[in-house]
Number of protein chains: 2
Amino acid sequence: MKLNSKNLEVGLNKTYDVIVAGGGSGGLSAAIYLARYGLSCLVVEKGKGRSFWMQDLRNYLGLPPNTPGRELLRQGREHALSLGVDYLWGYVENVKDEGDLFAVKVKVGKVNSLYPVFRSKYLIAATGIIDHLPQLPDMQNVYDYAGYSLHVCMICDGYEMRDQKAVLIVGSEAQINTAFVLNWFTPYISVLTHGLCSVGPEMRQKLAEHGYPLYESPIRRFLGENHQMRGVELADGTYIEATTGLVAMGAKYHNDYLKGIPNLQWQGENLVTDEWCRTTHPRLFAVGDLKQGLNQVAIAVADGALAATAIWRDIRRASPARQWEERLRS
Amino acid sequence: MKLNSKNLEVGLNKTYDVIVAGGGSGGLSAAIYLARYGLSCLVVEKGKGRSFWMQDLRNYLGLPPNTPGRELLRQGREHALSLGVDYLWGYVENVKDEGDLFAVKVKVGKVNSLYPVFRSKYLIAATGIIDHLPQLPDMQNVYDYAGYSLHVCMICDGYEMRDQKAVLIVGSEAQINTAFVLNWFTPYISVLTHGLCSVGPEMRQKLAEHGYPLYESPIRRFLGENHQMRGVELADGTYIEATTGLVAMGAKYHNDYLKGIPNLQWQGENLVTDEWCRTTHPRLFAVGDLKQGLNQVAIAVADGALAATAIWRDIRRASPARQWEERLRS
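Residues numbered from 1 in each chain as written. Chains lettered and ligands numbered in written order. Predicted model: local features only at pLDDT ≥ 70, side-chain atom pairs only at ≥ 80, totals over all residues. Heavy atoms only, no water.

With that settled, the discussion passes to the pattern of salt bridges. The final tally for this structure, using the stated rule, is 42 salt bridges over all chains. In this structure, E269 of chain A engages K259 of chain A in a salt bridge whose closest nitrogen and oxygen atoms are separated by 3.7 Å. Residue E269 of chain A is found in the loop between strand 18 (266-267) and strand 19 (270-271), and its partner K259 of chain A is found in the loop between strand 17 (251-253) and strand 18; the two are separated by 10 residues along the sequence. With its nearest N and O atoms 2.7 Å apart, the salt bridge here joins D131 of chain B to R50 of chain B. Placement of the pair is D131 of chain B in strand 8 (residues 129-131) and R50 of chain B in helix 3 (residues 50-53), with a sequence separation of 81 residues. Given the relative accessible area of 16%, D131 of chain B is considered buried. Using a relative accessible area of 18% as the deciding quantity, one classes R50 of chain B as buried. Counted as one network, the salt bridges with shared partners bring together R36 of chain A together with D56, R58 and E160 of chain B. (Salt bridge = Lys/Arg side-chain N within 4 Å of Asp/Glu carboxyl O. Helix = DSSP H or I, 4+ residues; strand = E, 2+ residues; numbered from the N terminus. Buried < 20%, exposed > 50% of the residue type's maximum accessible area, 1.4 Å probe, protein only.)

Here it is, written out as structure tokens:
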């Protein structure tokens with residue numbers, strides 16, 4: 001059922017089998033599997049994650065390629081609720097391992113916030129990432145194009161950029177290397193640092209050898225209409241013609257709430273997991289973009305199935321066998 | 001485009017980047033990803049695989065839980081065709097590794113069959129499995145219930161069986177152990193060997209301790225109406241009340257065409273793969289039920305994405321960088 005600030009006691013009076021932090025594609029898939037295994041679960045979703053921003057999910061089997069990410073999430077949320085999953089809009093602030101249980105502190109409501117602490121045997125971390133976008137004084141100008149003709153994921157949208165004039169927007173010199181992968185899809189690449197980093201002579205040489213111009217002035221605004229980019233205007237007045245773009249400025253990982261758990265193995269900001277998405281903590285799983293691997297809806301959905309199945313196996317094996325009681329009594 | 005016996009030369013005149021053997025959920029997902037990476041691919045589908053038989057796909061994020069498996073396949077086929085994938089109804093008879101290329105011999109048409117040989121750099125084996133069903137003189141009686149109230153996958157459908165009287169139909173003594181997992185969902189389990197195997201004293205003892213009766217007479221027929229089982233009648237006249245059932249008789253693996261490839265590592269009938277679904281042959285990938293792991297649509301879909309991505313990386317890294325030619329000439 002849907003929880004909110006008025007009925008939090010529904011969840012506070014339970015010990016959940018699993019709390020799923022994050023209601024994106026990985027978290028919702030996990031919740032659906034958990035519910036079908038007969039396990040109790042609470043999904044805590046802060047809203048507006050990476051898949052929410054996806055204007056078109058073009059590479060997920062079974063959905064027409066113009067399906068918005070938020071439609072996937074809506075369908076998944078309904079599906080999970082129909083199976084008895086508890087669902088709460090909130091922000092996971094902190095997780096403590098109390099030995100047998102996790103204590104999960106959630107911030108509910110942006111004003112007059114409540115801070116309930118829910119408890120579960122297992123935790124699935126499915127809070128994902130959010131891509132950094134270039135910061136402009138008028139962010140609406142960025143949102144007008146981001147997810148439409150200005151992309152954040154080459155695996156997802158390289159196909160949409162093929163053989164077009166493209167800007168590659170980076171925040172560090174290392175991120176410029178994305179150009180030498182993006183050129184599989186298009187060789188007409190202009191690299192924009194948005195004034196955020198300096199670029200050394202070796203990288204300048206490499207760009208020159210490929211014919212990719214480098215622009216180091218900050219972006220003033222994106223130009224175009226109806227979400228379709230036509231070009232980019234820089235602070236120094238330069239105009240760059242481009243009908244598409246890729247933002248490769250890294251991402252924020254929503255994993256602060258896990259930083260207090262001892263002995264978790266990290267690789268950078270990613271959690272290291274086994275083939276069942278189990279972290280180095282036996283009752284803590286990570287699915288989707290938080291773990292190492294491809295950041296794709298299809299992967300997150302499979303991760304959710306794997307984590308839920310591993311948890312079910314643990315709990316099932318620790319439970320007494322169910323016998324046909326009447327038959328044994330007769 | 002759709003290939004058929006009339007236009008096979010379209011495919012015979014190409015060297016495909018990838019041939020995908022099997023157009024189920026793993027194969028179609030791979031094809032969609034491959035096409036979006038700009039790689040050429042041919043999907044060969046024999047029809048009527050495991051997901052085709054699925055009456056309801058109840059655990060796949062994004063689709064309503066009453067979506068038939070064949071609807072997923074139809075949507076995926078259209079999606080792949082819209083991206084320029086070649087698609088052929090046929091049966092992969094044989095694969096030969098010619099060194100740089102695979103030669104894939106396909107049987108097309110059930111009468112006056114043709115046997116074209118297509119060539120590709122990479123092969124994705126996505127031909128899956130098909131569950132063994134109990135053989136009755138009237139197989140229509142089995143099909144009336146299979147996929148509705150008589151299930152073949154506990155992970156998928158254990159939830160649908162919960163706390164119901166269930167028959168577990170096995171073909172070997174070892175398969176009886178499924179009862180001690182199925183009892184997570186329901187303890188009212190009758191075990192039916194359909195006369196196919198003998199059962200030793202230890203297993204008899206274990207079943208008795210759980211209160212699960214064992215019936216060793218062959219099944220005569222399933223009883224019920226509108227796909228809803230009511231019970232099972234055995235050859236010896238016994239009537240067993242049951243509103244659901246699980247068939248755990250193993251599966252046929254569609255992998256004969258791979259048996260001539262040297263140095264492939266098998267675990268039983270499953271191909272051993274790395275985390276990108278690559279087998280021990282560097283240009284041969286296995287996705288979905290053919291490889292080790294959970295037999296789930298969500299897993300197969302992710303597998304397809306992984307295999308396609310690994311192949312794209314191989315091909316991209318072996319290709320010359322695309323330069324902005326005009327800019328270099330000017």
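There's more to say after this.
As a packed pair, helix 9 (residues 297-317) of chain A and helix 9 (residues 297-317) of chain B sit with axes 8 Å apart at the nearest point and diverge in direction by 140°. Taken together, the axes of helix 9 of chain A and helix 9 of chain B lie oblique to each other. The two elements helix 9 of chain A and helix 9 of chain B meet at a crossing, and its hand is left-handed. Each of A298, I299, V301, A302 and L306 of chain A in helix 9 of chain A lies in contact with helix 9 of chain B, whose residues at this interface are A298, I299, V301, A302, A305 and L306 of chain B. Residue composition of the contact of helix 9 of chain A with helix 9 of chain B, by class: 11 nonpolar, no polar and no charged. (Axes fitted to C-alpha atoms, helices over the stretch in contact; angles between N-to-C directions. Parallel < 35°, antiparallel > 145°, perpendicular 65-115°, else oblique. Left-handed = near helix turned anticlockwise from the far one by under 90°. Contact = heavy atoms within 4.5 Å. Nonpolar A, V, L, I, M, F, W, Y, C, P; charged D, E, K, R; others polar.)

Next up on the list: the sheet that holds strand 13 (residues 219-225) of chain B. Residues and elements named next belong to chain B. Spatially, the 3 strands line up as an open sheet ordered 13-14-15, and their pairing is antiparallel. Either end of the sheet is taken by a strand with one partner, and the two such strands are strand 13 and strand 15 (239-241). Pairs of neighbouring strands in the sheet enclose a mean axial angle of 25°, with direction left out of account. When strand 13 meets strand 14 (residues 228-234), the two strands line up antiparallel, connected through 6 bridges. Looking across to strand 14, one finds that R221 is bridged to E233. (Pairing = 2+ DSSP bridges.)

Let us look at the interface of chain B and chain A. With 67 residues of chain B at the interface, the matching set in chain A holds 67 residues. When chain B packs against chain A, the two sides together hide about 5900 Å² of surface, and 63% of this comes from carbon and sulfur. The tally of links between chain B and chain A comes to 4 salt bridges. Between E160 of chain B and R36 of chain A there is a salt bridge, with its nearest N and O atoms 2.7 Å apart. For the interface between chain B and chain A, the tally reads 29 residue pairs in polar contact (both at pLDDT 80 or more). (Buried area = accessible area lost by both parts, 1.4 Å probe. Polar contact = N/O pair within 3.5 Å; in protein donor to acceptor, adjacent residues only side chain to side chain.)

A separate point is the relation of the copies chain B and chain A. Superposing chain B onto chain A requires a rotation of 180° together with a translation of 0.0 Å along the rotation axis, leaving an RMSD of 0.0 Å. Between the two chains, the operation in question is that of a two-fold axis. Taking C-alpha positions as the reference, the residue of chain B nearest the rotation axis is A302 of chain B, at 3.1 Å. Comparing contact sets, 100% of the residues at the interface of chain B also lie at the interface in chain A, consistent with an isologous, same-surface contact. (Least-squares fit on C-alpha atoms with pLDDT ≥ 70 in both.)

On to unusual backbone geometry. Residues and elements named next belong to chain B. Even without being a glycine, K48 presents a positive backbone phi close to 55°. Even without being a glycine, N263 presents a positive backbone phi close to 65°. If you trace the backbone, N263 turns up in the loop between strand 17 (251-253) and strand 18 (266-267). Taking the relative accessible area as the measure of exposure, N263 reaches 70% and is therefore exposed.

All names here are of chain A. Taken in spatial order, the 3 strands of this open sheet run 13-14-15, and their pairing is antiparallel. In this open sheet, the two edge strands, each paired with only one partner strand, are strand 13 (219-225) and strand 15 (239-241). Each neighbouring strand pair of the sheet contributes to a mean axis angle of 25°, computed without reference to strand direction.

The subject of this paragraph is the packing of helix 2 (residues 25-36) of chain B against helix 4 (residues 69-82) of chain B. Residue and element names in this part refer to chain B. For the pair helix 2 and helix 4, interaxial distance at closest approach is 9 Å and the crossing angle is 25°. In terms of orientation, helix 2 and helix 4 fall into the roughly parallel class. When the axes of helix 2 and helix 4 are compared, the crossing they make is left-handed. Only L72, L73, G76, R77, H79 and A80 of helix 4 make contact with helix 2, whose side of the interface consists of S25, L28, A31 and I32. Counted by class, the contact of helix 2 with helix 4 contains 6 nonpolar, 3 polar and 1 charged residues.

Residue and element names in this part refer to chain A. With 14 residues, helix 4 (residues 69-82) ought to run about 20 Å at 1.5 Å a step, and its terminal C-alpha atoms sit 20 Å apart, in line with that. Every buried residue belonging to helix 4 is among G69, L72, L73, Q75, G76, H79 and A80, and all of these are buried. Buried residues in helix 4, looked at end-on, bunch into an arc of 165°, giving them a common side. Check the buried side of helix 4 and you find it contacts helix 2 (25-36), helix 3 (50-53) and helix 9. Just downstream of helix 4, G84 is the residue with a positive phi angle, here 95°. (Expected span 1.5 Å × (residues − 1). Arc of directions from axis to C-beta.)

Our focus in this paragraph is the nonpolar core. One broad rule of soluble globular proteins: the nonpolar side chains tend to lie buried together. Counting residues in hydrophobic clusters, the biggest one holds 132 residues, and the most contacted among them are Y60 and I124 of chain A together with Y60 and I124 of chain B. Ignoring sequence-local partners within four residues, the contact set of Y60 of chain A consists of L72, V297, A298 and V301 of chain A together with Y60, L61 and H79 of chain B. (Core = buried A, V, L, I, M, F, W, Y, C linked by side-chain atoms within 4.5 Å.)

These values are about where atoms sit, not about what they do.
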